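Residue-level structure breakdown
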There are 2 protein chains.
Amino acid sequence: MMYRAKIEISLKQGHSDPEGETTAESLKELGYPIETTKVSKVYEITLSARSAKEANRLVDEMCRRLLANPTKDNYSFTIEEMQ
Amino acid sequence: MMYRAKIEISLKQGHSDPEGETTAESLKELGYPIETTKVSKVYEITLSARSAKEANRLVDEMCRRLLANPTKDNYSFTIEEMQ
């Protein structure tokens, strides 16, 4: 079965986010009433697995092994079966 | 009123996504049954606006003026009022 996982990797609280800060500055310079900007990354991955449970386990492992840095990143994901 | 906007910027179909391709290769080398990987970016912005409608209009304009490149990017966003 094919599954589509949508994985969001964001910075943990307290870690500096230079890209977000620069974006906020640029938006303020353009006159927008911005308070804060945070940037995160989304991976959309299609994978094959025998069940939703296995897909879940694989994606969680991928996050821990490769996609997220446990020192500075939080991750969350959703999984759906593809038609 | 304060609003929180979550803006997702992704590549239009047909544009090359080297980061996604490299991530897919790395995951395959680790033995994961991956088909494709697409990377996109999420901006979480807090802004002040008089109404949800105005917040919507401002965020759409920010996307067109700064955050998304109309040649290669799609964008979508959601807005919620902050407590």
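Residues numbered from 1 in each chain as written. Chains lettered and ligands numbered in written order. Predicted model: local features only at pLDDT ≥ 70, side-chain atom pairs only at ≥ 80, totals over all residues. Heavy atoms only, no water.

1. Digging into the overall build of chain A
Here is the rule we go by: Each helix is a run of DSSP H or I of at least 4 residues and each strand a run of E of at least 2, with the numbering of both proceeding from the N terminus. Every radius of gyration here is taken over C-alpha atoms, with the globule rule written as 2.2 Å times N^0.38, N being the number of residues.
When helices and strands are tallied, chain A shows two helices and three strands. In sequence order, chain A lays out its α and β elements as β-α-β-α-β. In terms of overall size, chain A is more extended than a compact globule, its C-alpha atoms giving a radius of gyration of 16 Å where 83 residues would be expected to give roughly 12 Å. Its C-alpha atoms put chain A at 50 × 30 × 15 Å along the principal axes.

2. Section: the relation of the copies chain B and chain A
Counted only if it meets this: Copies are brought into register by a least-squares superposition over C-alpha atoms of residues with pLDDT of at least 70 in both. Contact criterion: two residues are considered in contact whenever any of their non-hydrogen atoms come within 4.5 Å of each other.
It takes a turn of 180° to lay chain B on chain A, together with a shift of 0.0 Å along the axis; the resulting RMSD is 0.0 Å. Read as a symmetry element, the transformation amounts to a two-fold axis. Among all C-alpha atoms of chain B, that of Lys41 of chain B lies closest to the rotation axis, at 2.3 Å. With an isologous cut-off of 70% or more, the 100% of interface residues of chain B that recur at the interface of chain A puts this contact in the isologous class.

3. Points about helix H2 (residues 52-67) of chain A
Cut-off, in case you're wondering: Each residue is placed in one exposure class: buried if its accessible area under a 1.4 Å probe, protein chains only, is under 20% of its type's maximum, exposed if it is over 50%, and partly exposed if it falls in between.
Taken together, the buried positions of H2 of chain A are Glu54, Ala55, Leu58, Val59, Met62, Cys63 and Leu67 of chain A. Against the buried residues of H2 of chain A lie strand S1 (2-11), strand S2 (34-48) and strand S3 (73-81) of chain A together with helix H1 (18-29) and strand S2 (34-48) of chain B.

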